[in-house]
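# Structural overview
Residues per chain, in single letters:
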Amino acid sequence: MGAPQTLSLQLQGFILLPGMTVLWLYLLSRFSQMLPAAALDEALGARASWRATTGNGVRLLAAYLMAGLPALALVGLLAAFALWRGHWDGFGGNVAATQDGYAVERALTGLGIAFLRLASAALLATVAAEAYRHLVRRQSPHQT
């Protein structure tokens, strides 16, 4: 008859989630040039960002993946360790102190995950800024 519906849905999610994540990151990388432009108080719309990144979409995607994967892997390892030890209540990031005496471990795990998320955001912002400098600013005729 086939696999139970729950297993089938789990397999679909296992296959679709990475694909949707890569698609989302690709679109993010193509539109990410609007953020550095806004930080510099320059006007750059979605079409201009897409145009500026033409021919570099896969390269930008790879840069974002390379910048974010180490921190994401460490966050995943910390989260898996905390879940395995039973000291963390899931990916909402809440550290729950119990009478087990592991409050310090839980707090350090939560702080470590928060730090790695911040470091990852900084790396991704750096990738966006460098891409903006090379792809958008290079094409602007009014730059010196």
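The coordinates are above.
Here the structure is a predicted model, which is why all the values come from computation and not from measurement. Sequence order as written defines residue numbering, which begins from 1 separately in each chain. Given that this is a predicted model, residues contribute local features only at a pLDDT of at least 70 and side-chain atom pairs are listed and counted only at 80 or more, while totals for whole chains, interfaces and linings are drawn from all residues. No hydrogens and no water enter the side-chain calculation; it runs on all heavy atoms of the structure.

With that out of the way, let us pick up the overall build of the protein chain. Each helix and strand counted, the protein chain has five helices and zero strands in total. Helix numbers and strand numbers start at the N terminus; a helix is a DSSP run of H or I with at least 4 residues, a strand a run of E with at least 2. Counted from the first residue to the last, the protein chain has its helices and strands arranged as α-α-α-α-α. For the exposure calls, accessible area comes from a 1.4 Å probe over protein chains only, and a residue counts as buried if that area is under 20% of its type's maximum, exposed if over 50%, partly exposed in between. Looking at the protein chain as a whole, 26% of its 144 residues are labelled buried. Excluding contacts between residues fewer than 6 apart, the proportion of contacts in the protein chain whose partners are at least 24 apart in sequence is 61%. With residues, only the protein chains shown are counted as cover, and all accessible areas are computed by Shrake-Rupley using a 1.4 Å probe. As displayed, the protein chain offers around 10000 Å² of accessible surface, 70% of which is attributable to carbon and sulfur atoms. The contact criterion used is simple: two residues touch if any of their non-hydrogen atoms lie within 4.5 Å.

Once that is clear, we can look at the packing of aromatic side chains. Stacked, tilted and edge-to-face are the three classes applied to pairs of Phe, Tyr and Trp rings, where Trp contributes its six-membered ring and a pair requires centres within 6.5 Å; stacked means planes under 30 degrees apart, edge-to-face means over 60, and tilted covers the rest. In this structure the tally under the stated criterion is two aromatic pairs. Measuring from centroid to centroid gives 6.3 Å for Y26 and W50, while their planes differ by 90°, and the two rings are edge-to-face. Taken together, the positions of Y26 in helix α1 (residues 5–31) and W50 in helix α3 (residues 46–52) put the pair 24 residues apart, joining distant regions of the chain. Owing to a relative accessible area of 23%, Y26 belongs among the partly exposed residues under this scheme.

So, about the pattern of salt bridges. Basic side-chain nitrogens of Lys or Arg form a salt bridge, by our definition, when they fall within 4 Å of a carboxyl oxygen of Asp or Glu. The full count for this structure, using the stated rule, is one salt bridge. Between R133 and E130 there is a salt bridge whose closest N-O contact spans 2.7 Å. With a gap of three residues between them, R133 and E130 both fall in helix α5 (residues 103–136), about one helical turn apart. We classify R133 as partly exposed; its relative accessible area is 46%. For E130, a relative accessible area of 35% gives the class partly exposed.

Relative to the assigned elements, V127 resides in helix α5. For V127, a relative accessible area of 16% corresponds to the buried category. Spatially, the C-alpha atom of V127 lies 10.0 Å from that of Q33, the residues being 94 residues apart in sequence. When residues no more than four places from it in sequence are discounted, the contact partners of V127 are A63, Y64 and A67.

Attention shifts here to unusual backbone geometry. If you check the backbone angles, D41 has positive phi at about 60° while not being a glycine. Examined against the element boundaries, D41 turns out to sit in the loop between α2 (34–39) and α3. When its relative accessible area of 73% is taken as the criterion, D41 is described as exposed.

Bringing the side chain of R30 into the picture now. As for its position among the elements, R30 is in helix α1. With no salt bridge to any partner, buried R30 finds its closest opposite charge in E42, at an N-O distance of 17 Å. Pairs of N or O atoms are called polar contacts if they sit within 3.5 Å, as long as, within protein, a hydrogen donor faces a hydrogen acceptor (for residues adjacent in sequence, only side-chain-to-side-chain pairs). Of note is the side chain of R30, whose polar atom sits 2.9 Å from the side chain of Y26. Side chain to side chain, R30 and T54 meet in a polar contact 3.4 Å long. Working convention for charge: Lys and Arg count positive, Asp and Glu count negative, and His plus the chain ends are omitted.

Turning our attention to the nonpolar core. Buried residues of nine kinds, namely Ala, Val, Leu, Ile, Met, Phe, Trp, Tyr and Cys, make up a nonpolar core once their side-chain atoms join them within 4.5 Å. Of all hydrophobic cores here, the largest spans five residues; its members are A37, L44, A52, Y132 and V136. Apart from the residues lying within four places of it in its own chain, the contact partners of Y132 are Q33, P36, A37, L40, E42, L44 and R137.

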